Every structure is written in C-alpha cells, then in structure tokens.
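# Understanding the architecture of this molecule
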Amino acid sequence: MQYQMESWGSYKMSNLGYGGDVGLAADTSLLRLESLVSESAVVIFSVSTCCMCHAVKGLFRGMGVSPAVHELDLLPYGGDIQRALIRLLGCSGASSPGALPVVFIGGKLVGAMDRVMASHINGSLVPLLKEAGALWL
C-alpha cells in the first residue's frame, strides 16, 4: 500500500476548516506552519512527552536524517499550530489518537506515525527522503 503525499501549497485555509472567514489566529498559525515546514527537508511536529513522537524522531535519526523538530508543548504558539495540524490531518480533536507526531518531507505532508511507519515498511520512505535531499546514500 502506498500513500499519496500532498504538497503544502495544495492546502487552502478552507481545507483546514476555517472557511472563508479566517481569523487572525488561524491566519497566523497557517503562516507559521508554512514557514516551519519549509525550513528543512524533514520537519517533525512533536510533543516532548509523547512516546510515539520519540519513536518517530528515533526512526529518522537512526536512518541518518537530521529533522527539524518542533516540540509544540514548549512553544508559546504550539497549541495554535497543533490545532492547525489536527485539522490538516482530519482528526476530530486534540485528544485524537495518532494526531502527533506529524511529519513533512520535502514540504509534503506525510502524516502521523501510522503513515510514516507504513511508508517505512513498504519501502517508500527512503526514496522520499532521497528526493527531498535528506539522505544521500
């Protein structure tokens, strides 16, 4: 099974559930999210106390990838970013299982832990990392 990755540019604010009336907080969160996603080949949004987040960071580091990691519980605007990510993933709320970690590779949303692991198992993760310039071997 292979997952279709989406580029950040294909997401509009209406896809995040904000509709046509975008508030200042939603707009700021989306701009921050877009900026953070574009800063590195691999970007992980995490919570510092989450065991699944720790596992996915370990997976990438074990492969020789140096991801940009954003610990949302340690950022003053982390809650806003987490809400935007949850809407992006289509989860029902902050307590949704599988909401974090969220991984972007080459500016494309890979998804939460389940999609990252599925991509790793089916062999599509390494080519994504190579294409994004995160792996050279």
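Bear in mind the structure is a predicted one, so any value in this text is a computation, not a measurement.

How each quantity is defined
Residues numbered from 1 in each chain as written. Predicted model: local features only at pLDDT ≥ 70, side-chain atom pairs only at ≥ 80, totals over all residues. Heavy atoms only, no water. Phe/Tyr/Trp six-rings, centres within 6.5 Å; stacked < 30°, edge-to-face > 60°. Helix = DSSP H or I, 4+ residues; strand = E, 2+ residues; numbered from the N terminus. Buried < 20%, exposed > 50% of the residue type's maximum accessible area, 1.4 Å probe, protein only. Lys NZ or Arg CZ within 6 Å of the ring centre and 35° of its normal. Arc of directions from axis to C-beta. Contact = heavy atoms within 4.5 Å. Core = buried A, V, L, I, M, F, W, Y, C linked by side-chain atoms within 4.5 Å. pLDDT = per-residue confidence, 0-100. Salt bridge = Lys/Arg side-chain N within 4 Å of Asp/Glu carboxyl O. Disulfide = S-S within 2.5 Å. Polar contact = N/O pair within 3.5 Å; in protein donor to acceptor, adjacent residues only side chain to side chain. Expected span 1.5 Å × (residues − 1).

### A closer look at the packing of aromatic side chains
The tally for this structure, following the rule as stated, stands at one aromatic pair. Measuring from centroid to centroid gives 5.9 Å for Phe 45 and Phe 104, while their planes differ by 85°, and the two rings are edge-to-face. Pair noted here: Phe 45 is in strand E2 (residues 42–46) and Phe 104 is in strand E4 (residues 102–105), with a separation of 59 residues, a long-range link. Accessibility assignment for this pair places Phe 45 and Phe 104 in one class, buried. The ring of Tyr 77 has Arg 32 lying over it, and the distance from NZ or CZ to the ring centre is 4.0 Å.

### Observations regarding helix H5 (residues 125–132)
Buried within H5 are the following residues: Leu 125, Leu 128 and Leu 129. The buried residues of H5 all sit within an arc of 95° when viewed along its axis, so they share a single face. On its buried side, H5 packs onto E2, helix H2 (51–62), E4, strand E5 (108–111) and helix H4 (113–122). Immediately downstream of H5, the backbone of Gly 133 shows phi near 85°, a positive value.

### Some words on the nonpolar core
If you look at the biggest cluster of nonpolar residues, it comprises 18 residues, and the most contacted ones within it are Leu 33, Phe 45, Leu 85, Leu 100, Val 102 and Phe 104. When contributions to this core are tallied by element, the ones reaching two or more residues are helix H1 (24–37), E2, helix H3 (78–89) and E4. With 16 residues, the next largest nonpolar core counts Val 65, Val 103, Ile 105 and Leu 129 among its residues.

### Section: the confidence of the model for the chain
Residues at a pLDDT of 70 or more form 75% of the chain, whose mean pLDDT is 81. Taken element by element, the predicted model of the chain shows its lowest mean pLDDT in strand E1 (residues 6–7) (45) and its highest in E2 (97). Counted against residues more than four places away or in other chains, residues 1–22, with its pLDDT under 50, gives 43 contacts.

### Here we look at the pattern of salt bridges
By the definition in use, this model includes three salt bridges. A salt bridge links Glu 71 to Lys 57; the nearest nitrogen and oxygen atoms lie 2.6 Å apart. Remark: Lys 57 occurs in helix H2 and Glu 71 occurs in strand E3 (residues 68–71); sequence separation between them is 14 residues. In this structure Lys 57 comes out as buried when scored by relative accessible area, which is 9%. For the salt bridge of Asp 80 with Arg 83, the shortest nitrogen-to-oxygen distance reads 2.4 Å. With Asp 80 and Arg 83 both in helix H3, this residue pair falls three residues apart, about one helical turn.

### Points about the state of the cysteines
Applying the stated criterion across every chain yields a total of zero disulfides. Cysteine Cys 51 shares no disulfide, and the gap to the nearest cysteine sulfur, in Cys 50, comes to 5.5 Å. Judged by its relative accessible area of 60%, Cys 51 is exposed.

### Considering the side chain of Ser 124
If you trace the backbone, Ser 124 turns up in the loop between H4 and H5. Side chain to side chain, Ser 124 and Asn 122 meet in a polar contact 2.7 Å long.

### Describing H3
Over its 12 residues, H3 runs 16 Å from end to end, which matches the ideal 16 Å to within 8%, given 1.5 Å per residue. Gly 78, Ile 81, Gln 82, Ala 84, Leu 85, Ile 86 and Leu 88 are the residues of H3 that are buried. Positive backbone phi, at 80°, marks Gly 90, one or two positions downstream of H3.

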